[in-house]
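# Observations on the three-dimensional arrangement
Residues per chain are reported as follows:
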Amino acid sequence: MPLKRSLGDANFFMDRYSEILTGRKREIVLLRGKGCVYKKCAFCDYHLDKCADEEENFALNKSVLDSVTGRFSDLEVINSGSVFELDKNTIEYIKKLCVSKGIKTLHFESHYLYRSRIEKLREFFDGIELKMKLGLETFDYDLRERVLLKGIDEKDPKKICRGFDEANFLFGIDGQTAQSMLYDVDNGLKYLERICVNIMCENSTPIKPNKSVIDAFLTEVYPTIKENGRVDVLINNTDFGVGD
Ligand code: SF4
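Figured I'd write up the structure that's included with this text. (Residues numbered from 1 in each chain as written. Predicted model: local features only at pLDDT ≥ 70, side-chain atom pairs only at ≥ 80, totals over all residues.)

### So, the overall build of the protein chain
A count of helical and extended segments in the protein chain gives 7 helices and 8 strands. In summary, the protein chain has a C-alpha radius of gyration of 17 Å against a globular reference of 18 Å for 244 residues, a match within 12%. With the C-alpha coordinates aligned to their principal axes, the bounding extent of the protein chain is approximately 45 × 35 × 35 Å. Counting the 244 residues in the protein chain, one finds 42% classified as buried. Pairs at least 24 apart in sequence give 80% of the contacts found in the protein chain among residues at least 6 apart. (Helix = DSSP H or I, 4+ residues; strand = E, 2+ residues; numbered from the N terminus. Rg over C-alpha atoms; globule rule 2.2 N^0.38 Å. Buried ≥ 20, exposed ≤ 12 C-beta atoms within 10 Å, placed from the backbone. Contact = placed C-beta atoms within 7 Å.)

Here is the structure:
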């Protein structure tokens with residue numbers, strides 16, 4: 001689950017649909033679910049974009065999904081949490097939308113704790129290529145589990161990535177170096193099809209952006225990945241055009 005969703009007015013429609021025209025072209029929607037079940041990641045405050053009322057969520061999600069044209073045959077669906085926290089009607093509507101708009105590739109996000117449910121989701125979306133994106137942040141176990149409190153109790157990069165196709169990384173915080181970020185990128189590209197690098201932005205949590213780490217990223221890491229079509233880099237909160 002990427003970092004980039006500090007929503008002011010979470011219902012504001014125009015923030016919930018966008019097209020990504022660089023790298024792999026795709027449409028992207030930010031939907032709303034019942035809320036992240038985990039909620040412990042130390043850097044995250046966007047799990048506040050939630051609503052317990054499934055009917056209200058479906059009404060909002062349907063209005064956002066009705067903007068999807070299918071022009072790239074590729075749709076990324078994010079919500080402030082995991083896909084498994086979206087209501088059943090929304091999931092079924094997404095499936096119908098994929099069929100009616102000719103969407104061949106569909107991306108969802110998930111926390112590691114839901115990994116055993118991914119296979120069933122792939123079965124439900126049979127005929128559509130499902131790309132599951134893990135909220136990983138880093139392969140550095142101590143940083144990830146002792147500071148970021150990510151909740152992935154596994155050290156082996158290959159085992160972590162099993163069952164997932166993509167992952168989000170969080171760069172630009174205390175404890176990271178150019179070498180550690182390059183290690184994350186190398187292993188991400190080794191075990192996954194795609195990675196998304198999010199640069200830490202100031203938010204309401206105690207985790208703050210570290211300027212010297214961000215400079216190290218920009219001078220020593222970014223040049224090695226900026227032309228790589230398997231990598232997305234979000235320097236600013238709204239680079240994907242959704243969220244505030
Ligand atoms: S799992 Fe995702 S939404 Fe939930 S707290 Fe962590 S980063 Fe935030």
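After presenting the structure, the write-up continues.
### Structural notes on the sheet that holds strand E2 (residues 26–31)
One open sheet accounts for 8 strands, arranged E1-E2-E3-E4-E5-E6-E7-E8; its pairing is mixed. Where the open sheet ends on each side, the last strands, each with one partner, are strand E1 (17–20) and strand E8 (231–234). Averaged over neighbouring strand pairs, the angle between their axes works out to 20° when direction is ignored. Both strand E5 (residues 129–137) and strand E6 (residues 166–171) contribute to a ladder of 4 bridges, which runs parallel. Looking at E6, one finds that lysine 133 is bridged to glutamate 166. (Pairing = 2+ DSSP bridges. Axes fitted to C-alpha atoms, helices over the stretch in contact; angles between N-to-C directions.)

### Let's talk about the nonpolar core
With 53 residues, the main nonpolar core has Val77, Ala167, Phe169, Phe171 and Ile195 as its most contacted residues. The residues touching phenylalanine 169, leaving out its near neighbours within four places in the chain, are Leu136, Glu137, Thr138, Asp184, Gly188, Ile195, Cys196, Val197 and Asn198. (Core = buried A, V, L, I, M, F, W, Y, C linked by C-beta atoms within 7 Å.)

### Things to note about the packing of helix H6 (residues 178–191) against helix H7 (residues 211–225)
Two numbers describe how H6 lies on H7: the axes approach to 9 Å, and their chain directions differ by 25°. The orientation of H6 relative to H7 falls into the category roughly parallel. Seen along the crossing, H6 lies across H7 with a hand that is right-handed. Here Ala178, Met181, Leu182 and Val185 of H6 lie close against H7, whose contacting residues are Ala216, Phe217, Glu220, Val221 and Ile225. (Parallel < 35°, antiparallel > 145°, perpendicular 65-115°, else oblique. Left-handed = near helix turned anticlockwise from the far one by under 90°.)

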